[in-house]
Number of protein chains: 2
Amino acid sequence: MTNRFPLKVAEKIGQLIQTHQRFILTTHINPDGDALGSEMAVYWHLKSLKKQVWIFNQNAVSQNYCFLDPEKVIQVFDPCKHEAILRQAEVCFVLDIADWQRLHKLAKWLHNDSIVKVCIDHHPIENQLGDINIILPEASSTGEILYRLFKQLKVPITIQMAQAFYTAIMTDTGCFRFSNTSAATHRMAAELLELGVVPSAIYQKIYEQDSPGKIWLLGQVLSNLQFECDGRIVWFKITEAMLRQAGISRQELEEFTDFPRRIKGVEISVLFLEQGTDHTKVSFRSKGTIPINDVARELGGGGHPFAAGAVVGMPMDKAIPST
Amino acid sequence: MTNRFPLKVAEKIGQLIQTHQRFILTTHINPDGDALGSEMAVYWHLKSLKKQVWIFNQNAVSQNYCFLDPEKVIQVFDPCKHEAILRQAEVCFVLDIADWQRLHKLAKWLHNDSIVKVCIDHHPIENQLGDINIILPEASSTGEILYRLFKQLKVPITIQMAQAFYTAIMTDTGCFRFSNTSAATHRMAAELLELGVVPSAIYQKIYEQDSPGKIWLLGQVLSNLQFECDGRIVWFKITEAMLRQAGISRQELEEFTDFPRRIKGVEISVLFLEQGTDHTKVSFRSKGTIPINDVARELGGGGHPFAAGAVVGMPMDKAIPST
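Our subject in this report is the structure included herewith. (Residues numbered from 1 in each chain as written. Chains lettered and ligands numbered in written order. Predicted model: local features only at pLDDT ≥ 70, side-chain atom pairs only at ≥ 80, totals over all residues. Heavy atoms only, no water.)

1. Quick notes on the side chain of Thr142 of chain A
All names here are of chain A.
Line of reasoning, step 1. Its location among the elements puts Thr142 in helix α5 (residues 142-152).
Line of reasoning, step 2. The exposure class assigned to Thr142 is buried, which follows from its relative accessible area of 0%.
Line of reasoning, step 3. Among the polar contacts listed, one links the side chain of Thr142 to the side chain of Asp96, at a separation of 2.8 Å. (Helix = DSSP H or I, 4+ residues; strand = E, 2+ residues; numbered from the N terminus. Buried < 20%, exposed > 50% of the residue type's maximum accessible area, 1.4 Å probe, protein only. Polar contact = N/O pair within 3.5 Å; in protein donor to acceptor, adjacent residues only side chain to side chain.)

Next comes the structure, spelled out in structure tokens:
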């Protein structure tokens, strides 16, 4: 990340924090390591200044990230229960999400409210929706942007904050290997390690928590891959019966489509996931040469160039040949 | 890596390079990313000084590391063929290996010869076997030591050398997540990225070259794991028939024992690998709490505390219950 955000913006945020008392933090649905790490880093900073802070997310923290929130301060947003807090909140940090739609239920509360909105994100967007925005697509993660902001504001980084920041950059860069990893990302990691972060401990907490059922189903999938186009396309299916047999939820399938890209020559990996008797979710992952969001769009879905998907209105047996 | 090696040692090596003409580089059997990356970085430096350089290894470069050696300069050591070269060589760099035994065939040539031996390694050892030694167990990798040595000697780092160094540290730290990753490791990665290294490209070359047969067999293994001791021990077997059916070599099994450690609660993973009709190789991997080299030693083998193995003189069906 070479671009620095204007010093003025950092100062503005610093002043905003100084002069207000009641803060809300939120992020996108199904929050990942960057979303949760960013929220918790901001939370601890605000708490150290004796502010009142609430974190409202659309979903509960998944088990592998619970270590980030030992005091269980993150709440699943409930419009009825949290209305009074929202009405009195002065500032909302919208983190790792530059799209109102991804705020779901919270969107309508924040959109028309007098609350000051600060958006910090690394996803490219068209409409800046905050009163103050730091949107840096060249950053690896929202955590990286916040870390630089905090350094600029001379915020003391505690070990808890360092672990949250490390989680953010480590997960969003796929362990420092995705194309969003820059020299600045590694320098930030170096500083976080000097603050006491133990990489192997955090890695274990996040990535070594698989259930036996998930690994069993992954085994079933890997020994039944179907190859097309001289092995450049690989596909596999997961039925509801398979999920039941494995005893796992759909959330645990997240990595499955990535995995077959390890095979030499594979460019695209496709998962057909049964959804009831008449719908099939199709997930596409590309190794990075052939974009696949056009195909997903044709099927009524969408996504990023190299990670996209769609839900088609037909049973799996029909969806596979027609895709 | 906080300790610097004495400036004197660096200067000595610099002088040795300046004043000699014929160099041999070697490393341990089954060379990994650190071994090969270190060799190639030294090779390119010596070649830039117009020196004569040979790399003699015990094994061929495995396919995923071939990109490090585009001109195919690494040779499999052949005592008959290479005797004349060995007799005339002046300096030998022994890299990533501080144990004569791991030099195999080359050991007897180097041990009694008048050749000057420079050992550079990050494995802890008892006997320093070189005429000049840089043995730094606190370094992540031999590549990290060499990089610091080169910087101290003001050696210009080309993009080829940067890629070799990056491969060394990335593979030996498990993508910057093992306990040997330090702030210095990340700072080195930052500098290498600034020299033009593209992490995703190197990752793909090394880790996304699996054969369909390997992935099929991994699937078979993962869907047939056996759990003991409340799920803290997991074991699986691979027969010669399974290897034939997958059409893969034993080398491709390297990662298999690591994989089940992803399961929550698993402390130890054990592979029983059939070797002919009356031998079984047993490989142990521990998550890092329970050392397993004692068990391996009892079976007549050995290894590191958390990665060890043995070959037992009985067929697999007997080896499993007796282990």
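There's plenty left to go through after this.
2. Observations regarding the sheet that holds strand β11 (residues 302-304) of chain A
One key point about sheets: their strands pair by backbone hydrogen bonds, in either a parallel or an antiparallel sense.
Residues and elements named next belong to chain A.
Line of reasoning, step 1. With mixed pairing, six strands are arranged side by side in an open sheet as β7-β8-β9-β10-β12-β11. The sheet is open, and its two edges are formed by β7 (226-228) and β11, each paired on a single side. When strand polarity is set aside, the average angle formed by the axes of neighbouring strands in this sheet is 20 degrees.
Line of reasoning, step 2. Pairing between β7 and strand β8 (residues 233-238): three bridges, direction antiparallel. Bridge pairing in β8 places Phe227 opposite Val234. (Pairing = 2+ DSSP bridges. Axes fitted to C-alpha atoms, helices over the stretch in contact; angles between N-to-C directions.)

3. Looking at the sheet that holds strand β4 (residues 91-95) of chain B
All names here are of chain B.
Line of reasoning, step 1. The six strands lie next to each other as β3-β2-β1-β4-β5-β6, forming an open sheet whose pairing is parallel. This sheet does not close on itself; its edge strands, each paired only once, are β3 (74-76) and β6 (132-135). Across the sheet, the mean angle separating the axes of adjacent strands is 20 degrees when strand polarity is ignored.
Line of reasoning, step 2. In this sheet, β4 lies alongside strand β1 (residues 22-26) in parallel orientation, the contact comprising four bridges. Across the sheet, the residue bridging to Phe23 is Val91, located in β4.
Line of reasoning, step 3. Where helix α1 (residues 7-19) meets the sheet, it contacts β1, β4, β5 (116-121) and β6, and its direction lies at approximately 130 degrees from that of β6.
Line of reasoning, step 4. Along the sheet face, helix α5 (residues 142-152) touches β4, β5 and β6 and points at about 115 degrees away from the line of β5. (Contact = heavy atoms within 4.5 Å.)

4. Let's talk about the nonpolar core
Line of reasoning, step 1. Counting residues in hydrophobic clusters, the biggest one holds 114 residues, and the most contacted among them are Ile13, Phe93, Ile120 and Phe165 of chain A together with Ile13, Phe93 and Ile120 of chain B.
Line of reasoning, step 2. Residues contacting Ile120 of chain A, with those up to four places away along its chain left out, are Ile13, Phe93, Val94, Leu95, Asp96, Ile97, Ile134, Thr142, Ile145, Leu146 and Leu149 of chain A.
Line of reasoning, step 3. With 41 residues, the next largest nonpolar core counts Leu222, Leu243, Phe256 and Leu273 of chain B among its residues. (Core = buried A, V, L, I, M, F, W, Y, C linked by side-chain atoms within 4.5 Å.)

5. Some details on the relation of the copies chain B and chain A
Line of reasoning, step 1. Superposing chain B onto chain A takes a rotation of 180 degrees plus a shift of 0.0 Å along the axis, which leaves an RMSD of 0.1 Å. This pairing of chains is accounted for by a two-fold axis. Taking the C-alpha atom as reference, chain B places Gly219 of chain B closest to the rotation axis, 1.8 Å from it.
Line of reasoning, step 2. Most of the interface of chain B is mirrored in chain A, where 100% of its interface residues are also at the interface. (Least-squares fit on C-alpha atoms with pLDDT ≥ 70 in both.)

6. Comments concerning unusual backbone geometry
Residue and element names in this part refer to chain A.
Line of reasoning, step 1. Although it is not a glycine, Lys154 sits at a positive phi angle of roughly 55 degrees.
Line of reasoning, step 2. Relative to the helices and strands, Lys154 is located in the loop between α5 and α6 (159-172).
Line of reasoning, step 3. The phi dihedral of Asp230 is positive, around 55 degrees, even though this residue is not glycine.
Line of reasoning, step 4. With respect to the helices and strands, the residue Asp230 is situated in the loop between β7 and β8.

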